[in-house]
Amino acid sequence: MMMFHSKINRKLKKQYIVLTILFLIACSPSYASFVLIPMDADSQQNHLKAYGIAYWTLSKDIKVRWLLNYKGGSFLLPDTEDIKKECTIRGVSYEVLSVAKTDEILDEISSPSKNMEAVVLEKAPKIAVYSPKGNQPWDDAVTMVLTFAEIPYETVYDKEVLEDNLILYDWLHLHHEDFTGQYGKFYNRYRSDSWYVKNKKESEDKARELGFNKVSDEKLAVALKIRDYVVGGGFMFAMCSATDSFDIALAAEGVDICESMFDGDPSEPGYQSKIDYNKTFAFKNFILERSPNVYEFSSIDMTRNRRIPKTTDYFTLMDFSAKWDPIPTMLCQNHTALVKGFMGQTTAYKRDEIKSNVLILGENRTNSEARYIHGIKGKGFFTFYGGHDPEDYQHHVGDPKTELELHPTSPGYRLILNNVLFPAAKKKKQKT
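It should be emphasised that the depicted structure is a prediction, and the values quoted were computed from it without experimental measurement.

Some points on unusual backbone geometry
With a phi angle near 60°, Lys 185 is a residue other than glycine that sits in the positive phi range. Mapping Lys 185 onto the fold places it in the loop between β8 (171-174) and α8 (187-190). For Lys 185, a relative accessible area of 2% corresponds to the buried category. At Ser 368, a position not held by glycine, the phi torsion is positive, near 55°.

Quick look at the structure:
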């Protein structure tokens, strides 16, 4: 009899636990409603910090839905007090949706007649910024916006890359680096300035410390490690001179293209004919700039050929199918299709020198230039973005930093943050 009652008690206890769990689920705010972070021009007061909210949510092991082309690429999150509190603290606009309203929005997005898609973001990517030690966050647009959006990152440089530490990270940004070993081609104007002399000596000392006779050889070794990182499945984002100098370094592997003021000996005779465009990520058929006195690496960059007044310098984001091309659609999410142009050592790319398998995401068709491009290399992805600072039209050495508090809705900076979240997306086979 006691055994019989014991079985009944265990059964009742089990039923009670199940009913309690069901009750808690039914009453849970995360199931009763959702938080929508709109990303259109009218509804969002701080687009940049909104990305930080999405990242912060992912870091708590909570999935986020990125609603591509819905109100500027909005984010849909579970309704929790912590998320709403964090939005309020960071000044991010949000609204609470009922389950019925959420279903209505998701039904609209799933309609074949709508160029929209809901992409699931699963995990906060671990971010590395390739940048010299001692650089301040405002030395680079990416570190500035990561800091402003409160997205954590770690800094790596040549030693860490050569020691294969990139495998620890999901996403890598290349600082405005010169991978050719020509010290940014600053020789003509700045060779006597203390910062240039100091940088050159430190670079030479570092190369020797790492076992290389020349800075150009050391930077090539770094570029090859980064190439392998991408081929193996990494996500690489580069801006300004880190884009074309990276490809030039790869194409010039085994060829001395540096003049004596850079590496102590003359360049190799006829080096242009020895460039191997098959080794590059994005560019083809470019002509290298031979003169050390010219602030330019090659014909890839359009800076010297631009005749566009600042007041009319804009580029247009391309329109892709959200359902069939979710990756470029993610990278182009914005509250405007027209983005202010901005200069850099590498400002824009000559369209004729971009490989046919590379997607142009943003362009100035009038000037026949690409500003924002993306491609696949092996199992990984790369994105190149021309210009130095999206809210500083013509940044010069020594200029003050950009105060992003004054530009919380910057479309140009949004493109950077699209790339930051891109590795978090649930992997789907890309449609071609």
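Examining the nonpolar core
Formed by 61 residues in total, the largest nonpolar core has its most connected members in Ile 37, Phe 75, Leu 121, Met 239, Tyr 385, Ile 416 and Leu 421. Top contributing element to this core by residue count: helix α3 (residues 47-59), with eight residues. Beyond its immediate stretch of four places on either side in the chain, Ile 37 contacts Gln 44, Ala 50, Ile 53, Ser 74, Phe 75, Leu 77, Cys 87, Val 92, Ser 93 and Tyr 94.

A short note on the environment of Lys 60
Assignment of secondary structure puts Lys 60 in the loop between α3 and β2 (64-68). Sequence separation between Lys 60 and Lys 123 is 63 residues, and the spatial gap between their C-alpha atoms is 8.9 Å.

Notes on the packing of helix α6 (residues 141-149) against helix α14 (residues 411-421)
Helix-helix packing is described using two parameters, namely the angle between the two axes and the distance between the axes. Relative orientation of the contacting elements α6 and α14 amounts to 80°, with a least axis distance of 10 Å. With respect to their mutual orientation, α6 and α14 come out roughly perpendicular. Between α6 and α14, the contacting residues are Ala 141, Val 142, Met 144, Val 145, Leu 146 and Ala 149 on the first element and Tyr 413, Ile 416, Leu 417 and Val 420 on the second. Residues belonging to the contact of α6 with α14 are distributed by class as follows: 10 nonpolar, no polar and no charged.

The rules we used
- Residue indices begin from 1 for each chain and proceed along its sequence in written order.
- Local features in a predicted model are, by the rule used here, given only for residues with pLDDT of at least 70; side-chain atom pairs are given and counted only at 80 or more, and totals for whole chains, interfaces and linings are based on all residues.
- Based on all heavy atoms of the structure, the side-chain values leave hydrogens and waters out of the count.
- Only DSSP runs of H or I covering at least 4 residues are called helices, and only runs of E covering at least 2 are called strands; the numbering of each starts at the N terminus.
- Relative accessibility decides the category of a residue: with a 1.4 Å probe and only protein chains considered, values under 20% of the type maximum give buried, values over 50% give exposed, and everything between is partly exposed.
- Joining through side-chain atoms within 4.5 Å is the link that ties buried Ala, Val, Leu, Ile, Met, Phe, Trp, Tyr and Cys residues into a set, and such a set is a nonpolar core.
- Two residues qualify as a contact provided that any one of their heavy atoms is within 4.5 Å of a heavy atom in the partner residue.
- All axes are obtained by fitting lines to C-alpha atoms, using only the stretch in contact for helices, and the reported angles, taken between N-to-C directions, cover 0 to 180 degrees.
- Any angle that is under 35 degrees is reported as roughly parallel, and any over 145 degrees as roughly antiparallel; angles of 65 to 115 degrees are reported as roughly perpendicular and all others as oblique.
- In this classification, Asp, Glu, Lys and Arg are treated as charged, Ala, Val, Leu, Ile, Met, Phe, Trp, Tyr, Cys and Pro as nonpolar, and every other residue, Gly included, as polar.

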